[in-house]
Amino acid sequence: MGCSAYCFHCLFDHGTPVILVVSSKKVGFIFRLLQLCIIVYVAVYVCWYKRAYQERDSVISSVSTKVKGNILTNSSALGTHVWDTSEYVIPPQGENSFFVLTNAIVTQGQTQGSCPEIPSEFTNCQSDSDCKEGLKEIRGNGVQTGKCVQYSETIKTCEVLSWCPLENDTVIPKPALLSAAEDFTVLIKNNIQYPKFKFRKRNILRHINSTYLKNCTFNHKTDPHCPVFRLGDIVTESGEDFSIMALKYSFRRLDNKNPENNVAPGYNFRYAKYYMNNENTETRTLIKAFGIRFDVIVFGMAGKFNIVPTIVNVGAALALLNLMKVICDWFMLNCLSDSEYYSKHKFKHLKPKDESETFSFTDQSSYGTP
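The structure contained in this document is the topic of the report that follows.

Rules and cut-offs
Residues numbered from 1 in each chain as written. Predicted model: local features only at pLDDT ≥ 70, side-chain atom pairs only at ≥ 80, totals over all residues. Heavy atoms only, no water. Helix = DSSP H or I, 4+ residues; strand = E, 2+ residues; numbered from the N terminus. Pairing = 2+ DSSP bridges. Axes fitted to C-alpha atoms, helices over the stretch in contact; angles between N-to-C directions. Buried < 20%, exposed > 50% of the residue type's maximum accessible area, 1.4 Å probe, protein only. 1 Å grid on protein atoms, 1.4 Å probe; cavity = no way out; pocket = protein on both sides within 12 Å on 5 of 7 lines; lining within 4 Å. Points joined across faces, edges and corners; volume = space filled by probe spheres on them. Phe/Tyr/Trp six-rings, centres within 6.5 Å; stacked < 30°, edge-to-face > 60°. Arc of directions from axis to C-beta. Parallel < 35°, antiparallel > 145°, perpendicular 65-115°, else oblique. Left-handed = near helix turned anticlockwise from the far one by under 90°. Contact = heavy atoms within 4.5 Å. Salt bridge = Lys/Arg side-chain N within 4 Å of Asp/Glu carboxyl O. Nonpolar A, V, L, I, M, F, W, Y, C, P; charged D, E, K, R; others polar.

## Digging into the environment of Gly 266
Then step 1. With respect to the helices, strands and loops of the structure, Gly 266 is situated in the loop between strand S12 (247-250) and strand S13 (267-276).
Then step 2. Once the C-alpha coordinates of Gly 266 and Arg 293 are considered, the two residues, 27 residues apart in sequence, prove to be 8.9 Å apart.

## Some points on the sheet that holds strand S6 (residues 143-150)
Then step 1. Ordered in space as S6-S7-S5-S14-S13, the 5 strands form an open sheet in which the pairing is antiparallel. Since the sheet does not close on itself, it has two edges, and those belong to S6 and S13, each with one partner. Each neighbouring strand pair of the sheet contributes to a mean axis angle of 45°, computed without reference to strand direction.
Then step 2. Of the strand pairs in this sheet, S13 and strand S14 (residues 282-295) are connected by 10 bridges, and their pairing is antiparallel.

## Remarks on the pairing of strand S7 (residues 156-164)
Looking along a regular strand, one sees the side chains alternate between the two faces of the sheet.
Then step 1. Among the 9 residues in S7, 7 count as buried, and that is most of the element.
Then step 2. One ladder, built from 6 bridges, connects strand S5 (residues 97-116) with S7; its direction is antiparallel. If you follow Cys 115 over to S7, its bridge partner there is Val 160.

## Notes on unusual backbone geometry
Then step 1. Cis geometry marks the peptide bond from Cys 164 to Pro 165, where omega comes out at 0°.
Then step 2. Here Pro 165 shows up in the loop between S7 and strand S8 (185-194).
Then step 3. A cis amide bond links Lys 174 with the next residue in sequence, Pro 175, at an omega value of -5°.
Then step 4. If you trace the backbone, Pro 175 turns up in the loop between S7 and S8.
Then step 5. With a phi angle near 50°, Arg 51 is a residue other than glycine that sits in the positive phi range.
Then step 6. In this fold, Arg 51 is placed in the loop between helix H2 (25-49) and strand S1 (54-58).
Then step 7. Assessed through its relative accessible area of 44%, Arg 51 is described here as partly exposed.

## Things to note about empty space enclosed by the protein
Then step 1. Counted under the stated rule, the structure contains 1 cavity of 30 Å³ or more.
Then step 2. By volume, the largest cavity amounts to about 30 Å³.
Then step 3. Val 63, Ser 64, Thr 65, Gln 93, Gly 94, Asn 96 and Ser 97 are the residues that line the largest cavity.
Then step 4. The leading source of residues in the lining of the largest cavity is strand S2 (residues 60-68), at 3 residues.

## Focus on the packing of aromatic side chains
Then step 1. Per the counting criterion, the structure on display carries 12 aromatic pairs.
Then step 2. Considering the side-chain rings of Tyr 45 and Tyr 49, the 5.8 Å spacing of their centres and the 25° angle between planes classify their relative orientation as stacked. In this pair, Tyr 45 and Tyr 49 both sit in helix H2, 4 residues apart, roughly one turn of the helix.
Then step 3. Since its relative accessible area comes to 39%, Tyr 45 is described here as partly exposed.

## Overview of helix H7 (residues 339-346)
Then step 1. Burial in H7 covers these residues: Ser 339, Tyr 342 and Lys 346. Around the axis of H7, the buried residues are gathered within 65° of arc, so they sit on the same side. With respect to the buried face of H7, the exposed residues turned more than 90 degrees away are Glu 340, Tyr 341 and Lys 344.

## Overview of the packing of H2 against helix H6 (residues 307-334)
Then step 1. Contact geometry for H2 and H6: axes closest at 10 Å, N-to-C directions at 160°. Here H2 is positioned roughly antiparallel relative to H6, judged by the angle of their axes. Seen from above, H2 lies across H6 with right-handed handedness. On H6, the residues touching Lys 26, Val 27, Ile 30, Phe 31, Leu 34, Gln 35, Ile 38, Tyr 41, Val 42 and Val 46 of H2 are Asn 313, Ala 317, Leu 320, Leu 321, Met 324, Ile 327, Cys 328, Phe 331 and Met 332.

## Focus on the pattern of salt bridges
Then step 1. Applying the stated criterion across every chain, the model contains 9 salt bridges.
Then step 2. Taking the shortest distance from any N to any O, the salt bridge between Asp 169 and Lys 288 comes out at 3.2 Å. Taken together, the residues span a long stretch of sequence, with Asp 169 in the loop between S7 and S8 and Lys 288 in strand S14 at a distance of 119 residues.
Then step 3. Where Asp 183 meets Arg 230, a salt bridge forms, and the shortest distance between an N and an O atom there is 2.9 Å. You can see Asp 183 sitting in the loop between S7 and S8 and its partner Arg 230 sitting in strand S10 (residues 228-230), a full 47 residues away along the chain.
Then step 4. We classify Asp 183 as partly exposed; its relative accessible area is 48%.
Then step 5. Through salt bridges with shared partners, one network takes in Glu 167, Asp 169, Arg 270 and Lys 288.

## Quick notes on the packing of H6 against H7
Any two packed helices are characterised by how steeply their axes cross, that is the angle between the axes, and by the distance between the axes.
Then step 1. Close contact between H6 and H7 brings their axes to 7 Å; oriented N to C, the two are set at 125°. If you check the angle between H6 and H7, you find them oblique. Between H6, through Asp 329, Met 332, Leu 333 and Asn 334, and H7, the contact on the second element is made entirely by Ser 339, Tyr 342, Ser 343 and Lys 346.
Then step 2. Its residues assigned to classes, the contact of H6 with H7 shows 3 nonpolar, 3 polar and 2 charged.

Structural data, given as structure tokens:
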């Protein structure tokens, strides 16, 4: 056959697949089983669970909180004292979080000077030789002067330069100074948007007015739409989920509450209030604050039908269905006892009458039970 004749035949020849039906229970079972698995995968996992036919967008949110409540306390350190929001919410505004003071160790009237260190294995002494001038003990409260002074009638400690008198945080007030903080309420305002879909929403619904907002407290049955929560309810009901329209409130305790491994539990820090005393000396009140930190975490995902991901996933499903034929072919030609017989009918070698050269043709076959 000349080059021009060969090109002529290639241009006008038409090839059609040959369908070879294999009557084999094993091959037919594998074919239908794989087909069922792929259909279930696409229908259940891809379409129903992952919703792969949708275009997705993540939430952008802005959260603000406002705590309300007052407490009257009477302690040896502070006497009669009324605590309001500006004192027990630290800082006044946090980034998606707020801290509520529940207990405190208060050290009043501290000024710069020298005083005995708090007794410990690192600060106890018998004479000046046990103290080193200029030593800054990491576990201590100041810089040693090199003197061993009387801390009490029976105990001597190294003298330090620091804010005196020193804080003694070994004695924590019990019961907690602000144990009634559980009755405080917090208003959580949350504004969300999905920029891709131009969708906005807030947790204060349209039917809620200012009068209702000032008097309501969240309750599953009576006030399920109220965004004002009692702190005690948040703490005691940690681990429960609350759904409000399209919003879902979920409270979780993040720190370790295992009683067998509860080293350094809770949340605490120190802060000071500075002022000038009658002698015009800088003075401060040091407060070691214990309390609960509330982190408001907002997450969400929105989806909307889109033709592009739909076509992509339908195409992937069709490709998987075609892959079944390849798997069944491999199983038929390599695992069955009649593999040579099947191979003989699958691959046909034809010799054109007018040519001595042998051309190989492979049938395009599909398999299944009748």
